[in-house]
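What the coordinates show
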Amino acid sequence: MSRSGVVAAELHVGSVPAAAVLQAVRTGGPITRDQLVLATGLSAATVNRQLHALTRVGLTVERPDLVDPGSIGRPKNPLTTDRDKLCVAGMHIGAKRTLLAIADIGGRTLYSHAVATPDGDGDDAIRQLSAQLKELADRFSGRRLMWGGLALGGDVDEHTGVVDHPVLGWHRVPVGRRLTDALGVPVSVCEHVQAMAAAELLLGYPRDGGGTGLFCYARETVGMAITFDGKVRVPARGAGTIAYLPVDAPLLSAQAEQRSPLSTTLQDVIGSEVLQAAALRRGQTPEDHELLDERARVLGQSLAMMRDVLNPDSIVVAGDAFAGHPRGLAPIQAAFDAASHTPWPLELCPSRFGLRVQEGAAIVVALSVLYADPITSVALSAD
């Protein structure tokens, strides 16, 4: 942990024995010790040792009330995560709104709501938002707050929690330090699309985490993250961008007549303001199918370009730009299929979180270190 109280997020499925046992209890509970041995591949002695340690720090609990009354022989008490003692606080800062959330250690949201992202100075803005998250966490005083998490766009230094956010006009803002000062616990800070990809891997019932995955988000901004065998790739020099992929979108582009097709970028034609401006120019409504069809085509073609370069085993998409067409993902899938030159089909999968994708990102950043190394993280939080 740095002097600022910032701990780099761990955006991967945990591999240490305690993490494997906690993962199995979280996703398979109520679950018995015998079932944990089968689920984790660990020995019975190792499972018992990890359960003792996890129960001692308040992460798992025996539930004799859940014993199957029809079972034969000596009853075996099932185990679940202890959802009553601990909590985490998460925040997702967007261009226009910020999502604040409190969750238990199983990843279940206890409460969340959105507030307007403050304009102006970044340091003042993060102080305001941190104070609001602290106020929200204080409502759950019956639980011990153990960690804070923050997901946002821009250039994020995960080790120091310092952020440059060009869209918001923030430069070298110490968001991690401000959040840990407010909450009084360690915090993790993460680029938001990487956090969304991690939520798909770590929260709830995980998809198959093997192979290579591509996660793409498009709302007011666009972003992409890559996963390898259950781990989100976090480049040493920060997240890359797909915002400047060249696209051909004459209806949505504000300067289509003056610009060559290759000078229009994906970021130029994504977002509600772009859609509204195009509708106004054309005397239409933002819900006009012609405009939504063009956006769907652009998204599908852009995904196909990335697919042909990276050849991932799966693609997950999220954000209003993907969800905003009346026919859902069908027109995006059709454009993707037509544009891809990779010779086997690949179905685009919507995010499991739907409209709650920002909430999932905020929560997983607050939980990722716990899930990677449960015993050490609880000790670190208690210091």
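No experiment lies behind these values; they were computed from the predicted model shown. (Residues numbered from 1 in each chain as written. Predicted model: local features only at pLDDT ≥ 70, side-chain atom pairs only at ≥ 80, totals over all residues. Heavy atoms only, no water.)

**Here's the deal with the environment of Ser130**
- Residue position: Ser130 is located in helix α4 (residues 122-138).
- On the accessibility criterion, Ser130 (1% relative accessible area) is buried.
- Separated by 234 residues in the primary sequence, Ser130 and Val364 place their C-alpha atoms 18 Å from one another.
- Beyond its immediate stretch of four places on either side in the chain, Ser130 contacts Met91, Arg178, Leu179 and Ala182. (Helix = DSSP H or I, 4+ residues; strand = E, 2+ residues; numbered from the N terminus. Buried < 20%, exposed > 50% of the residue type's maximum accessible area, 1.4 Å probe, protein only. Contact = heavy atoms within 4.5 Å.)

**Quick look at the pattern of salt bridges**
- A full pass over the atoms with the stated rule returns 15 salt bridges.
- A salt bridge links Asp65 to Arg63; the nearest nitrogen and oxygen atoms lie 2.7 Å apart.
- Arg63 sits in the partly exposed class, given a relative accessible area of 29%.
- With a closest N to O distance of 2.9 Å, Arg83 and Asp104 form a salt bridge. (Salt bridge = Lys/Arg side-chain N within 4 Å of Asp/Glu carboxyl O.)

**Topic: the sheet that holds strand β13 (residues 231-232)**
- Strand order in the open sheet formed by five strands is β13-β12-β11-β14-β15, and the pairing between neighbours is mixed. If you trace the sheet from one side to the other, it starts and ends with β13 and β15 (348-350), each paired once.
- Where strand β12 (residues 222-228) and β13 come together, two bridges link them in antiparallel fashion. Residue pairing across strands places Phe228 opposite Lys231, the latter belonging to β13. (Pairing = 2+ DSSP bridges.)

**Considering α4**
- Compared with the 24 Å implied by 1.5 Å per residue over 17 residues, the 24 Å span of α4 between its first and last C-alpha is a close match.
- Where α4 begins, the side chain of Asp121 points an oxygen toward the backbone nitrogen of Asp123, at a separation of 3.1 Å. (Expected span 1.5 Å × (residues − 1). Polar contact = N/O pair within 3.5 Å; in protein donor to acceptor, adjacent residues only side chain to side chain.)

**Details of the pairing of strand β10 (residues 187-191)**
- Counting buried residues in β10 gives five out of five residues, a clear majority hidden from the surface.
- Going residue by residue along β10, you find Val187, Val189 and Glu191 tucked away on one face and Ser188 and Cys190 tucked away on the opposite face as well.
- Looking at chain direction, strand β6 (residues 144-152) and β10 are connected through five bridges and run parallel. Following the sheet pairing, Ala151 is matched in β10 by Cys190.

**Description of the packing of helix α1 (residues 17-28) against helix α2 (residues 33-40)**
- Running from amino to carboxyl end, α1 crosses α2 at an angle of 115°, the nearest separation of the two axes being 10 Å. In terms of axis orientation, α1 runs roughly perpendicular to α2. The way α1 lies across α2 gives a crossing that is right-handed. Only Leu36, Ala39 and Thr40 of α2 make contact with α1, whose side of the interface consists of Ala20, Val21, Ala24 and Val25. (Axes fitted to C-alpha atoms, helices over the stretch in contact; angles between N-to-C directions. Parallel < 35°, antiparallel > 145°, perpendicular 65-115°, else oblique. Left-handed = near helix turned anticlockwise from the far one by under 90°.)

**Some words on the environment of Asp138**
- Here Asp138 shows up in helix α4.
- Separated by 125 residues in the primary sequence, Asp138 and Ser263 place their C-alpha atoms 50 Å from one another.

**Concerning the packing of aromatic side chains**
- Summed over the entire model, instances satisfying the criterion amount to zero aromatic pairs.
- Above the plane of the ring of Tyr371 lies Arg26, whose end atom (NZ or CZ) is 3.7 Å from the centre. (Phe/Tyr/Trp six-rings, centres within 6.5 Å; stacked < 30°, edge-to-face > 60°. Lys NZ or Arg CZ within 6 Å of the ring centre and 35° of its normal.)

**Brief notes about the nonpolar core**
- Counting 53 residues, the largest nonpolar core has Leu36, Leu59, Met146, Leu203, Phe215, Val364 and Leu370 as the members making the most contacts within it.
- Contacts of Leu36, omitting those with residues within four sequence positions, involve Val21, Ala24, Val25, Ile31, Gly41, Val47, Leu51 and Leu79.
- Ranked by size, the runner-up nonpolar core spans 35 residues in total, among them Cys216, Leu299, Met306 and Leu348. (Core = buried A, V, L, I, M, F, W, Y, C linked by side-chain atoms within 4.5 Å.)

**So, the sheet that holds β6**
- Here five strands make up an open sheet; going across it, the order is β5-β4-β3-β6-β10 and the pairing mixed. Edge positions in the open sheet fall to β5 (109-116) and β10, since each of these has one partner strand only. Neighbour-to-neighbour, the strand axes of this sheet turn through a mean angle of 15°, independent of strand direction.
- With seven bridges connecting them, strand β4 (residues 97-103) and β5 associate as antiparallel partners. When the bridges of β5 are listed, Thr98 appears paired with Val115.
- Where helix α11 (residues 357-372) meets the sheet, its contacts fall on β3 (86-93), β4, β5, β6 and β10, and the angle it forms with β6 comes to roughly 125°.

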